[in-house]
Amino acid sequence: MRYDNVPQGLDTSYDPGWDNASHMGGHRGPNVPGQWNPPEPGLQPEERGQGNSPSSYDATEYGTEAYGDGEPGTRLEGGAGDRDTHGEVAGEIPTAGEDLGSGGAGGRRDRRRKKPKRRALRWVAIVTTVAILGAAGAAYAYYQHLNANIRKDALNLGDSRAAQSKANAAGQTPLNILLLGSDSRASKENQRLGGARTDALRKPLADVQMLLHVSADRSNMTVVSVPRDTRLEIPKCTDPDDGHIYPASTQSTINTSLQHGGPGCTVATWESLTGIHIDHFMMIDFSGVVSMADAIGGVPVCVKSNIHDHKSGLKLPRGTTIIKGQQALQWLRTRYGFEDGTDIGRTHAQHMYMNSMVRQLKSGTKLTDPGALMGLADAATKALTVDTGLGTVKKLYDLGNDLKHVPTGRITMTTMPWRWDPENGAHVVPTPDAAKLFTLLRNDQPVDGKAAEKKADGQTAKPLAAAEIPVTVRNGTGSPSQEPVSGRASAVTDKLKALGYTQAKADSTPQPQSGTTITYTSADDKANALAVAKALKLPPTVVKRSSSVTHITLVVGADWTEGTTYPVADAQNKQVVLANSSALNASDDSACMRVNPADTW
């Protein structure tokens, strides 16, 4: 992965990650998917590409005069629309041989009143055409300029990928997006906001990591944060720029994965941890966070006590405060001042901030000043890195439109269930409840316990008798870094036979995958596949249609490594998982952060 050039004149302060900030003024505008439209034809930006802060924009500079707009028929001095008191077209000269008639000048005026206005119309048509083409060209050039701002990187740098999400009955697929916050100090702006200029020489860390899982029907969204100090296996990654190979590591924290070739290695790490196929990533730096807060006019947050975190610089009175600019960045970076002073409290504060921002946007907050918006868009795209499949303004805009359909009350923020690392008390490791949470998301089940409204699919066929349904069972519990659990296909096959599915047979073909699935090939087999799932007490969400099988095929995934009863997450289990993941619903506007007693004033 390429890193920006290092400015000269670095100071000697030190700041690890998003924690200890030395904040100064200055910031740029935002990246808010779905809240910005590509410039329409007719916009003539005077300051494009400048990266100005919102405060540097004067709304009067972006009136209709600046864009060349005007009502039809606007008077154009000295042109075809300029007429004298008698209605003649001023400045028009008669052609050779034209009869001026009697009466001198008065005759000329009378003659012109009888002629068609074709010359004037042609003039207007030409000017209008040139204006439209010029404006469209400028808009297109600016659109291309924004596209060029966006940095792009490979999606996954590992040797293997998690299985892609299967479509539901309506052909819809879940959407999984990894959000990353980089502590890069490579730019002067980020050094000013984040401090520790000597860290400009260091590869950035991904200190903020959140997975957005959007259900296939877009009825709900779950956001899962993984604390930056989580110790886990980082898979082998290959840097796409120089071919350097970073070997797999089991003693590293997840935030260092960004240093193993770029964000694509962080994606590979998440897929290895969760078994969830990640469709896109979006990474933003300090200046981008500041821009986002400014773009929507600030975000309301709440603290239960006065807080002054001397590391981040955050100082707020008790109660609710609307924060933006560098104060918003301070909130998101504060670690010691919240709860017990660990990174866990910081993830909770980040969830509260995101929920509040969602409510702001859903309540009607809009970005309507075209001039300021263009400057903000310029700064925001400069602060953004995405995967190559999401690397245009149009794709980001479409993504925002897709996400906005999720109701606020169905957005749930969670933190990966964790425990202190027995090998290092400064780190945490996932608990078994973390695996349950990831299983819910792999199976596209809502963690809030609310079932989506079911639509009739015309399914009226009844399944055959169990003894008449052939089922192939495969062992998919392995992974690129782990051997499959021995005997899983045989154990489940025996269970099926005991349930009356006498045609069930084990297949030794390896098919490693994170989640258990039952696939069928034709619509005629759907009822039979659902019957097999019901017999084994598997959720119907694991049943998928596939052209890659010839009959019903059951793959026992990594989520079912023991026993013959599938560990389905029922309503009670979901509540336990949610309780252990500090779940917070986006519609809850009563949330308020607990302050560390050592950081009050």
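In this convention, every chain numbers its residues from 1, walking through the sequence in written order. Given that the model is predicted, a residue must reach a pLDDT of at least 70 before its local features are reported, and side-chain atom pairs must reach 80 or more before they are shown or counted; all residues, however, enter totals for whole chains, interfaces and linings. Each side-chain value is derived from all of the structure's non-hydrogen atoms; neither hydrogens nor water enter the calculation.

We now examine the overall build of the protein. Under the DSSP-based scheme used, a helix requires at least four consecutive residues in state H or I and a strand at least two consecutive residues in state E, with every element numbered from the N terminus. Summing up its helical and strand segments, the protein has 14 helices and 23 strands in all. Looking at the 601 residues of the protein, the share that counts as buried comes to 50%. In what follows, residue pairs with any heavy atoms lying within 4.5 Å of each other are defined as contacts. The contacts in the protein between residues at least 6 apart in sequence include a share of 77% that link residues at least 24 apart. Accessibility throughout is a Shrake-Rupley quantity obtained with a 1.4 Å probe, and a residue counts as covered only by protein chains that appear here. Looking at the protein as shown, the accessible area adds up to about 27,900 Å², and 52% of this sits on carbon and sulfur atoms. Under the scheme applied here, a residue whose accessible area is under 20% of the maximum for its type counts as buried, over 50% as exposed, and between as partly exposed, the area being computed with a 1.4 Å probe on protein chains only.

To continue, consider the sheet that holds strand S19 (residues 505-507). Should DSSP find at least two bridges between two strands, the strands are regarded as paired. Spatial strand order, S19-S18-S22-S20-S21: five strands in an open sheet with mixed pairing. A single partner strand is all that each edge strand has here, and the edge strands are S19 and strand S21 (543-545). Each strand axis lies, on average, 30° off the axis of its neighbour in the sheet, ignoring direction. Judged from the three bridges that link them, strand S20 (residues 517-520) and strand S22 (residues 553-556) form a sheet pairing that is antiparallel. For helices, the fitted axis covers only the stretch in contact; all axes are lines through C-alpha atoms, and the angles between them, taken along N-to-C directions, range from 0 to 180 degrees.

This paragraph deals with the state of the cysteines. Only a pair of cysteine sulfur atoms within 2.5 Å counts as a disulfide in this structure description. Tallying each qualifying case throughout the model produces two disulfides. Paired by a disulfide, Cys237 and Cys265 hold their sulfur atoms 2.1 Å apart. A torsion of 80° about the S-S bond marks the disulfide between Cys237 and Cys265 as right-handed. In this pair, Cys237 is assigned in strand S6 (residues 237-238) and Cys265 in helix H5 (residues 263-274), connecting sequence segments 28 residues apart.

Moving on, we come to the environment of His405. As for its position among the elements, His405 is in the loop between helix H10 (393-403) and strand S15 (411-415). According to the relative accessible area criterion, His405 is exposed, its value standing at 54%. Sequence spacing of His405 and Arg218 is 187 residues, and the spatial spacing of their C-alpha atoms is 6.6 Å. The residues touching His405, leaving out its near neighbours within four places in the chain, are Arg218 and Lys362. Polar side-chain contacts of His405 include one of 3.4 Å to the backbone oxygen of Asp402. Any pair of nitrogen or oxygen atoms within 3.5 Å is treated as a polar contact; in protein, a donor-acceptor pairing is required on top of that, and neighbouring residues in sequence qualify only through side-chain atoms on both sides.

Among the nonpolar cores identified, the biggest contains 50 residues, and Met221, Met282, Val303, Leu316, Trp331, Phe338 and Tyr353 are the most heavily contacted of them. No other element matches helix H8 (residues 343-362), which puts six residues into this core. With sequence-adjacent residues up to four places away left out, Val303 is seen in contact with Leu316, Pro317, Arg318, Gly319, Trp331, Phe338, Cys592, Met593 and Val595. The term nonpolar core refers to a set of buried residues drawn from Ala, Val, Leu, Ile, Met, Phe, Trp, Tyr and Cys, joined through side-chain atoms within 4.5 Å. Judged by nonpolar contacts, the second largest core, of 25 residues, contains Ile278, Ala434, Phe438 and Val447.

Moving on to the packing of helix H7 (residues 325-333) against H8. The interhelical angle for the contact between H7 and H8, taken along N-to-C directions, is 135°, at an axis separation of 8 Å. Between H7 and H8, the crossing angle belongs to the class labelled oblique. Between H7 and H8, the residues in contact are Ala328, Trp331, Leu332 and Arg333 and Arg346, Ala349, Gln350, Met352 and Tyr353, respectively. Roughly parallel means an angle under 35 degrees; roughly antiparallel, over 145; roughly perpendicular, 65 to 115; everything else is oblique.

The next thing to look at is the side chain of Asn147. Mapped onto the elements, Asn147 comes out in helix H3 (residues 118-149). Setting aside its immediate chain neighbours within four residues, Asn147 contacts Lys152, Gly391, Thr392 and Val393.

Let's shift gears to helix H13 (residues 526-535). Counting buried positions over the ten residues of H13 gives seven, a clear majority of the element. All of the buried residues in H13 are Lys526, Ala527, Asn528, Ala529, Ala531, Val532 and Ala533. A positive phi of about 60° marks Lys537, the residue just after H13.

Another aspect to go through is the sheet that holds strand S9 (residues 280-284). Across the sheet, eight strands lie side by side as S1-S14-S9-S2-S3-S4-S15-S23; this open sheet has mixed pairing. Here the strands that pair on one side only, and so sit at the sheet edges, are strand S1 (151-153) and strand S23 (584-585). Where S15 meets S23, two bridges bridge the pair, whose relative direction is antiparallel. Within S23, the position partnered with Thr412 by the bridge is Asn585. Sitting on the sheet, H8 touches strand S2 (175-182), strand S3 (206-214), strand S4 (221-225), S15 and S23, and the angle it makes with S15 is about 170°. Sheet strands touched by H10: S2, S3, S4, S9 and strand S14 (384-387). Its angle to S2, the strand with the most contacts, is close to 115°.

Positive phi, normally seen in glycine, also occurs at Arg218, with a value near 60°. Following the sequence through the fold, Arg218 ends up in the loop between S3 and S4. A relative accessible area of 18% places Arg218 in the buried class. A positive phi is found at Asp444, a non-glycine position, where the angle reads about 55°. Among the structural elements, Asp444 can be located in the loop between helix H11 (432-442) and strand S18 (472-475).

Okay, helix H12 (residues 488-498) next. By the burial criterion, the buried members of H12 are Arg488, Ala489, Val492, Thr493 and Leu496. Angularly, the buried residues of H12 cover 125° about the axis, an arc narrow enough to put them on a single face. Where the residues of H12 are buried, they touch S18, S19, H13 and S22. Gly500 sits one or two residues past H12 and shows a positive phi near 105°. It is the directions from the helix axis to the C-beta atoms that the arc portrays.

Pairing of aromatic side chains requires ring centres within 6.5 Å, counting the rings of Phe and Tyr and the six-membered ring of Trp. Pairs whose planes differ by under 30 degrees are stacked, by over 60 edge-to-face, and all others tilted. In the structure shown here, the tally under the stated rule is three aromatic pairs. Where Trp560 meets Tyr566, the ring centres are 5.4 Å apart and the plane angle is 85°; that geometry is what we call edge-to-face. Geometrically, a charge over a ring is one whose NZ (Lys) or CZ (Arg) sits within 6 Å of the ring centre while staying within 35 degrees of the ring normal. The ring of Trp601 carries Lys315 above its face, with NZ or CZ at 4.9 Å from the centroid. The ring of Tyr336 has Arg335 lying over it, and the distance from NZ or CZ to the ring centre is 5.9 Å.

This next bit is on the confidence of the model for the protein. Averaged over all residues, the pLDDT of the protein equals 77, while 69% of them reach at least 70. For every residue, the predictor reports its confidence as pLDDT, a number between 0 and 100. Averaged over each element, pLDDT in the protein is lowest for helix H1 (residues 64-67) (31) and highest for strand S11 (residues 307-308) (97). Between residues 1-17, whose pLDDT stays under 50, and residues either more than four places distant or in other chains, the model counts 49 contacts. Here residues 454-458 is modelled with pLDDT under 50, and outside its nearest four sequence neighbours on either side it reaches one contact, counting other chains as well.

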